[in-house]
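Letter by letter, the chains look like this.
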Amino acid sequence: VNFEPKEACYGGVQSILSSCDNASTIGLNLRFPEQETSSVTIATVLVHLNRFFGLPVKGVTLPTSIFLTNKKGYPTLSKKMQ
């Protein structure tokens, strides 16, 4: 199940999990949507992840816009994101 981590979706996640009797085979992937790079920070990611602590989060998808390309052509995080 993909969810954009917003305040409103937390209740929806809880409803889905409880209606499935919290089955261990259900996991969540938190997807951070493409948006202004300046508004996506590690602090933002951590705040949202903390809301979902204790739930079966199996993965986190970050927007590619937060990555820069280093001299060798590999993706890297900016100093702000580190």
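Small disclaimer: the values here were computed from a predicted structure and weren't measured.

### Describing the overall build of the protein chain
A tally of regular secondary structure across the protein chain gives two helices and five strands. Pairs at least 24 residues apart make up 69% of the contacts formed inside the protein chain by residues separated by at least 6 positions. Split by element, the accessible area of the protein chain, about 5,600 Å² in all, is 57% carbon and sulfur.

### Re the nonpolar core
Counting seven residues, the largest nonpolar core is built from Val13, Leu17, Ile26, Leu28, Leu30, Phe52 and Leu55. Residues in contact with Leu55, not counting those within four places in the same chain, are Tyr10, Val13, Gln14, Leu17 and Leu28.

### Remarks on a nonpolar patch on the surface
Taken together, the side chains of Val60, Leu62 and Phe67 define a hydrophobic patch exposed on the protein surface, amounting to about 220 Å² of accessible area. Judged by its relative accessible area of 35%, Phe67 falls in the partly exposed class.

### Section: the confidence of the model for the protein chain
On average, residues of the protein chain carry a pLDDT of 75, and 76% of them reach 70 or more. Confidence, expressed as mean pLDDT per element, reaches its minimum in the protein chain at strand E1 (residues 2-3) with 54 and its maximum at strand E4 (residues 67-69) with 89.

### Some details on the environment of Leu30
Here Leu30 is to be found in strand E2 (residues 28-31). For Leu30, a relative accessible area of 0% puts it in the buried group. As for Leu30 and Lys58, which are separated by 28 residues in sequence, their C-alpha atoms are 8.4 Å apart.

So, how was this worked out
- Residues numbered from 1 in each chain as written.
- Predicted model: local features only at pLDDT ≥ 70, side-chain atom pairs only at ≥ 80, totals over all residues.
- Heavy atoms only, no water.
- Helix = DSSP H or I, 4+ residues; strand = E, 2+ residues; numbered from the N terminus.
- Contact = heavy atoms within 4.5 Å.
- Areas by Shrake-Rupley, 256 points an atom, 1.4 Å probe, with all protein chains shown as cover.
- Core = buried A, V, L, I, M, F, W, Y, C linked by side-chain atoms within 4.5 Å.
- Buried < 20%, exposed > 50% of the residue type's maximum accessible area, 1.4 Å probe, protein only.
- Patch = residues over 30% accessible without salt bridge, like charges linked within 9 Å, V, L, I, M, F, W, Y side chains within 5 Å.
- Salt bridge = Lys/Arg side-chain N within 4 Å of Asp/Glu carboxyl O.
- pLDDT = per-residue confidence, 0-100.

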